[in-house]
Amino acid sequence: MHMFEAIDLARFQFAFVVSFHIIFPAFTIGLASYLAVLEGLWLWKREDRYLKLFNYWLKIFAIAFGMGVVSGIVMSYQFGTNWSVFSDKTGPVLGPLMGYEVLSAFFLEAGFLGIMLFGMNKVGKKLHFFATLMVAFGTFFSAFWILSVNSWMHTPAGFSINDVGQFVPENWIEIIFNPSFPYRLTHMLMAAYLTTAFVVGAVGAWHLLKNNKNLCARTMLSMAMWMAAIVAPLQLIAGDMHGLNTLEYQPAKIAAMEGHYETKKGAPLILFGIPDDDAMEINSIVEIPKLGSMILKHDFDAEIKGLKDFPADEIPPAEIIFWSFRIMVGIGMAMIALGVWSLLLRWKDKFYSTKLFHIVCMIMGPAGFIAVIAGWITTEVGRQPFTIYGMLKTIDSVSPIDAPAVATSLLVFIVTYFLVFGAGTYYIFKQFSINPDIDKDQTKKVGSLGVSLKLFDKA
Amino acid sequence: MSIELIWAIILCFAIFAYVVLDGFDLGIGINYPFITSKWERDIAMNTVAPIWDGNETWLILGGGGLFAAFPLAYSVVLPALYVPLTAMLIGLILRGVAFEFRWKDKSKTQIWDKAFIIGSITATFFQGVALGAFLQGIPIEGRSFNGDWWHWLTPFSIFTGIALIFGYGLLGSTWLIYKTENKTKRHMQFLGKRFFILTLVMILIVSLWTPYLHPEYFQKWFSYPRILYVLPVPLLVLISTVFCFRALIKNYDLQPFLWSIVLFLLSFIGLMISIYPNIVPPGLDIWQAAAPKKSLQFLLIGVLIFIPIIIAYTSFTYWVFRGKTKPNESYH
Ligand code: HDD
Ligand code: HEM
Ligand code: HEM
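Let me begin by describing the structure that accompanies this report. Because the structure is predicted, anything quoted here is derived from the model rather than measured.

### Topic: the overall build of chain A
And step 1. On a plain count of helices and strands, chain A comes out with 15 helices and 8 strands.
And step 2. For chain A, the C-alpha radius of gyration of 24 Å lies close to 23 Å, the compact-globule estimate for 459 residues.
And step 3. In terms of its C-alpha atoms, chain A occupies a principal-axis envelope of roughly 75 × 55 × 40 Å.
And step 4. Looking at chain A as a whole, 58% of its 459 residues are labelled buried.
And step 5. The long-range share in chain A, meaning contacts at least 24 apart out of those at least 6 apart in sequence, stands at 77%.
And step 6. Working note: accessible area of chain A is about 18,500 Å², and carbon and sulfur atoms make up 68% of it.
And step 7. Positive and negative charge centroids in chain A, built from 34 and 35 side chains respectively, lie 18 Å apart.

Written as structure tokens, this is what we have:
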């Protein structure tokens, strides 16, 4: 009973801290690339608006990145504090991958971030651009390694098991490029780009609603909507391929996502329904006959295995991931729709004047974050009851630590996160409310530093 | 030399790099309560704003390296130090965000400065506590920690927690002596001397206390002929104390900082002497805890390639921001 409580708390704690963490990388991966593009355009075309936008988003990047770093440091200690048995067993395989992440990604980001934020006047423009690029590469490498780690937990490969029960690496290429990794990496990177694009678009749309001649706001919305129009459909394709890969390696997860309890030939595509894990049945409200088999097996009459035909102790909770999956896909479809609408408006030359479009863009601002979290919940809850799929159960991964310790730390994390990241979000919104199209250097002189400058001269 | 030992040395390097680098920027938070004017605080903060993230990355390398190279040690030590490590993380969060947040809202600067102070002191104190608890030894049964979640709490660990606050305080004030001028600098010279004396007293007490924690530690330091090999460490501490003191009295610019680092290095070597060949005192040694050879080799390649590159660009960043920090150096 005692263990049971500790494990639930540990799971909740992990889900809580990682969900908070992912919010920031999802935004900073995209934003780092966006900043690199803006600075590149500025160096190339010398148009003032690009520099203004660069400075504008740089400040937001700094806040988001800072929160990404501190929430990330917490992550790297979670494995050891709460999942020590997991750490002991998987350390030989996952440790080096995370080690490479620190060496190739975190140092690169941190090393050049200082120059990116503070160095504009200290190093030349070219070198500054180089620093921006390095930070962007850093975020990419970080995603590469951590997603390799995560994918290996879903589709372990290239290992053996030694006499103390540890996973021992046999083939690093197979480990790093494990079967689900290419799909997950593609899908997550595009998710990050979409997330950022919709934030940028929403801010642009907001300022356009205030003043539809605002050049910087126009540039933002336009850039963001190109991204949506191109990447959102690609994300659908990537997601579909990811799903097919999952069907091959984790069929129980797919059954839960789709709400299939019974094995059926010519399974329907259930759009909406109420899954019930206790009764092992779904009361489907809307379904399209045979389409499920078509999507998953490209054959209207193919057989899809239902949850009832998996061992009872290896079934993920469909009640959760049936919904989280639909939230993600629904948002994906909405993004595609918005992308198409933006193309139509451009074609009719009403892109900057359609108020309703701008309002919808604003509403869609946070959509990426919700889809990312929903996507991760689908993936991770769908892996249950395993931490290493098919190999190591969650219940056998947890630290031998007293439940009160986990409960206390959980409470402390919750309070700190809401206070600190709440404040950060508030500052980000405050920054959003500033008009991007004004000269930043003017405001700077009257800011806090202008005051300190005067005081210093007197001293 | 075995690859396990190489890895132990790499980890020592990462941890020492962390202690010095994050030591001085946590130290700024420890000195902050004594810096009261806003513009001095702005400058103090800006001396590390471009580099603190890089400094903290060594902590991630330390943790990540332990996970990769000595997974058994990682999975024993972290649950044993659950409370101090969690408290340290909370401290690091509070101070980490303060770097940005304090500029965002003029009416709230005070609040974020407090968060910076509290966060820095908390993180430092609990790092010291973790060190003390670690030295006292971690009970192991099978392949996991066997103790309750208050096991870390002892007079010794509280004492090392306080000791580290003074130690990082010294690194912080001597760093600021180097990076600031005029009034701020004089202020820091005053504080530096005090932190120096407090640190010395603490080093002395911890050095005398540690050998009595375990008979094994005592053996390492006082048995003949070992005593001949280890004697240089206290002697060098004595010499560098004299030089550090002299540099502080003579108001040198960079020297107090460098000599403080030397003092830290010697204390660190002293600790390593006490612990070796264990990775978790009292009973788990480097070879027992090491990951399989294939893991060690694979990441070693990465370390050999990346660490020189990291040192190169990190030095470049320090070079870009060299010299005295001026009050208008910020993008905010
Ligand atoms: C797909 C992207 C992604 C995912 C799934 C994760 N992270 Fe992350 N992480 C990043 C992408 C990222 C990043 C974009 O690289 C960050 C965000 C801000 C930053 O500094 O780097 C980062 C920061 C960051 C840091 C601070 C690095 C620094 O000081 O610069 C640590 C220690 C971690 N992460 C660790 C983790 C762990 C242990 C994770 C898994 C449980 C994890 N991250 C999930
Ligand atoms: C960043 C986005 C992520 C989110 C939002 C997320 C979410 C979750 C959730 C909700 C759970 C709990 C599942 C349950 O209890 O049923 C979980 C479990 C877990 N995840 Fe993730 N995850 C993410 C990324 C990762 C990554 C990148 C890793 C590995 C490096 C990882 C490793 C784990 C582990 C070890 C567990 C075990 C704990 C458990 O099963 O309860 N997760 N995650
Ligand atoms: C448009 C239709 C989409 C489809 C068909 C789709 C499909 C999928 C599938 C099948 C998974 C589960 C992978 C697994 O089984 O482990 C997944 C995970 C995920 N999805 Fe989507 N997705 C779509 C849109 C989106 C959007 C718009 C976002 C975010 C902006 C997103 C973000 C994620 C994330 C972060 C994960 C977890 C990481 C991963 O496993 O890749 N998805 N998606």
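The rest of the description comes next.
### A short note on the coordination of the iron atom of ligand 1
And step 1. Coordination of the iron atom of ligand 1 by the protein comes from a single atom, A:His21 (NE2), at 2.2 Å.
And step 2. Tracing the backbone through its elements, the reader meets A:His21 in helix 1 (residues 2-45).

### Details of unusual backbone geometry
And step 1. Here the bond from A:Gln384 into A:Pro385 is cis, since omega is 5 degrees, no more than 30 degrees from zero.
And step 2. Structurally, A:Pro385 is set in the loop between helix 12 (367-381) and strand 7 (386-388).
And step 3. Its identity is not glycine, yet A:Asp349 carries a phi of approximately 65 degrees, on the positive side.
And step 4. Counting through the fold element by element, A:Asp349 comes out in the loop between helix 10 (318-347) and helix 11 (355-363).
And step 5. Phi is positive for B:Asn251, close to 60 degrees, though the residue is something other than glycine.
And step 6. If you trace the backbone, B:Asn251 turns up in the loop between helix 11 (232-249) and helix 12 (255-275).

### Describing the coordination of the iron atom of ligand 3
Residues and elements named next belong to chain A.
And step 1. Summarising the metal site, the iron atom of ligand 3 is bound by the protein donors His-187 (NE2) and Met-328 (SD), whose distances to it range over 2.0 to 2.3 Å.
And step 2. Of note is the iron atom of ligand 3, whose 6 donor atoms meet at the metal with angles of 77 to 179 degrees in an arrangement that counts as octahedral. In this pair, His-187 sits in helix 6 (residues 181-210) while Met-328 sits in helix 10, placing the two residues 141 residues apart along the sequence.
And step 3. The exposure class of His-187 is buried, given its relative accessible area of 16%.
And step 4. A residue is classified by how much of its surface remains accessible, and Met-328, at 18% relative accessible area, is buried.

### Things to note about a nonpolar patch on the surface
Residue and element names in this part refer to chain A.
And step 1. Residues Trp-226, Ile-230, Leu-234, Leu-236, Ile-237, Met-241, Val-329, Met-333 and Leu-343 make up a contiguous nonpolar surface patch of about 790 Å² in total accessible area.
And step 2. When contributions to the nonpolar patch are tallied by element, the ones reaching two or more residues are helix 7 (215-249) and helix 10.
And step 3. At 6 residues, helix 7 tops the list of elements feeding residues into the nonpolar patch.
And step 4. Topologically, Leu-234 is positioned in helix 7.
And step 5. Of the residues examined, Leu-234 reaches a relative accessible area of 41% and is grouped as partly exposed.

### Let's talk about the interface of chain B and chain A
And step 1. Facing 71 residues of chain B, the contacting portion of chain A comprises 82 residues.
And step 2. Surface buried jointly by chain B and chain A totals about 7,200 Å² across both partners, of which 76% is contributed by carbon and sulfur atoms.
And step 3. Here chain B and chain A share 2 salt bridges between them.
And step 4. Where chain B packs against chain A, one counts 15 residue pairs in polar contact (both at pLDDT 80 or more).
And step 5. Going through the elements one at a time, helix 2 (38-48), helix 3 (52-69), helix 4 (71-80), helix 5 (82-104), strand 2 (144-145) and helix 14 (293-320) of chain B are the ones with two or more residues in the side of chain B that touches chain A.
And step 6. Of the residues in the side of chain B that touches chain A, the class split is 43 nonpolar, 15 polar and 13 charged.

### Digging into the site of ligand 3
Residues and elements named next belong to chain A.
And step 1. Taken together, 23 residues lie around ligand 3, and Arg-184, His-187, Thr-246, Lys-253 and Met-328 are the ones closest in.
And step 2. Measuring from an oxygen atom of ligand 3, one finds a side-chain N or O atom of Arg-184 at 2.9 Å.
And step 3. Within the side chain of Thr-246, one N or O atom sits 2.8 Å away from an oxygen atom of ligand 3.
And step 4. Of the residues contributing to the shell around ligand 3, the split by class is 11 nonpolar, 10 polar and 2 charged.

### Some details on helix 12 of chain A
Residues and elements named next belong to chain A.
And step 1. With 15 residues, helix 12 should cover 21 Å at 1.5 Å per step; its first-to-last C-alpha distance of 21 Å lies within 8% of that length.
And step 2. Across the 15 residues that make up helix 12, a large majority, 11, are buried.
And step 3. Among the residues of helix 12, those classed as buried are Ala-367, Gly-368, Ala-371, Val-372, Ala-374, Gly-375, Trp-376, Thr-378, Thr-379, Glu-380 and Val-381.

Calculation rules
- Residues numbered from 1 in each chain as written.
- Chains lettered and ligands numbered in written order.
- Predicted model: local features only at pLDDT ≥ 70, side-chain atom pairs only at ≥ 80, totals over all residues.
- Heavy atoms only, no water.
- Helix = DSSP H or I, 4+ residues; strand = E, 2+ residues; numbered from the N terminus.
- Rg over C-alpha atoms; globule rule 2.2 N^0.38 Å.
- Buried < 20%, exposed > 50% of the residue type's maximum accessible area, 1.4 Å probe, protein only.
- Contact = heavy atoms within 4.5 Å.
- Areas by Shrake-Rupley, 256 points an atom, 1.4 Å probe, with all protein chains shown as cover.
- Lys, Arg positive; Asp, Glu negative; His and termini not counted.
- Charge placed at Lys NZ, Arg CZ, Asp CG, Glu CD.
- Donors = N, O, S within 2.8 Å, 3.2 Å for Na, K, Ca; no water.
- Tetrahedral: all angles 85-135°; square planar, octahedral: opposite > 155°, others 65-115°.
- Patch = residues over 30% accessible without salt bridge, like charges linked within 9 Å, V, L, I, M, F, W, Y side chains within 5 Å.
- Salt bridge = Lys/Arg side-chain N within 4 Å of Asp/Glu carboxyl O.
- Buried area = accessible area lost by both parts, 1.4 Å probe.
- Polar contact = N/O pair within 3.5 Å; in protein donor to acceptor, adjacent residues only side chain to side chain.
- Nonpolar A, V, L, I, M, F, W, Y, C, P; charged D, E, K, R; others polar.
- Near = heavy atom within 4 Å.
- Expected span 1.5 Å × (residues − 1).

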